[in-house]
Amino acid sequence: MRTGKIKFYIESKGYGFITDDETGKDIFVHATGVKAENLREGDSVSYVEEEGKKGKVAAQVAAL
């Protein structure tokens, strides 16, 4: 599992980005990959990186 912080998440649209703690790179997150509720900017999360249709995406996103 990787860890990071929510850069932003637009709940009404169902997507956002996580900034990885180790690499500092941003990774896309879609609502279908989120286990947590009410993600907010700056929240710490754990996630698994998977290959999506347009590149890497975060899945199994859970609040820490």
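Since the model is a prediction, treat every value here as computed from it, not as a measurement.

1. Topic: the side chain of Asp-20
Stage number 1. The residue Asp-20 is located in strand 2 (residues 15–20) in this model.
Stage number 2. A polar contact is formed between the side chain of Asp-20 and the side chain of Tyr-47, at a distance of 2.5 Å.

2. As for unusual backbone geometry
One can expect most non-glycine residues to show negative phi and most peptide bonds to be in trans.
Stage number 1. At Asn-38, a position not held by glycine, the phi torsion is positive, near 55 degrees.
Stage number 2. You can see Asn-38 is positioned in the loop between strand 3 (26–30) and strand 4 (44–52).
Stage number 3. Its relative accessible area of 40% is what places Asn-38 among the partly exposed residues.

3. A few points about the pairing of strand 3
Stage number 1. Of the two faces of strand 3, the one lined by Ile-27 and Val-29 is fully buried and the one lined by Asp-26, Phe-28 and His-30 carries no buried residue.
Stage number 2. Alignment of strand 2 against strand 3, held across 5 bridges, turns out to be antiparallel. In the strand pairing of strand 3, Gly-16 is matched with Val-29.
Stage number 3. Two successive antiparallel strands, strand 2 and strand 3, enclose a turn made up of 5 residues, where Gly-24 displays a positive phi of approximately 80 degrees.
Stage number 4. Pairing analysis gives 2 bridges linking strand 3 to strand 5 (residues 55–63), with the strands arranged parallel. Bridge pairing in strand 5 places Val-29 opposite Ala-58.

4. A look at the pairing of strand 1 (residues 2–10)
Stage number 1. In this structure, strand 1 lies alongside strand 4, joined through 4 bridges in antiparallel fashion. Residue pairing for strand 4: Arg-2 is matched across the bridge by Tyr-47.
Stage number 2. One ladder, built from 6 bridges, connects strand 1 with strand 2; its direction is antiparallel. Residue pairing in the sheet places Gly-4 in a bridge with Asp-20 of strand 2.

What counts as what
Residues numbered from 1 in each chain as written. Predicted model: local features only at pLDDT ≥ 70, side-chain atom pairs only at ≥ 80, totals over all residues. Heavy atoms only, no water. Helix = DSSP H or I, 4+ residues; strand = E, 2+ residues; numbered from the N terminus. Polar contact = N/O pair within 3.5 Å; in protein donor to acceptor, adjacent residues only side chain to side chain. Buried < 20%, exposed > 50% of the residue type's maximum accessible area, 1.4 Å probe, protein only. Pairing = 2+ DSSP bridges.

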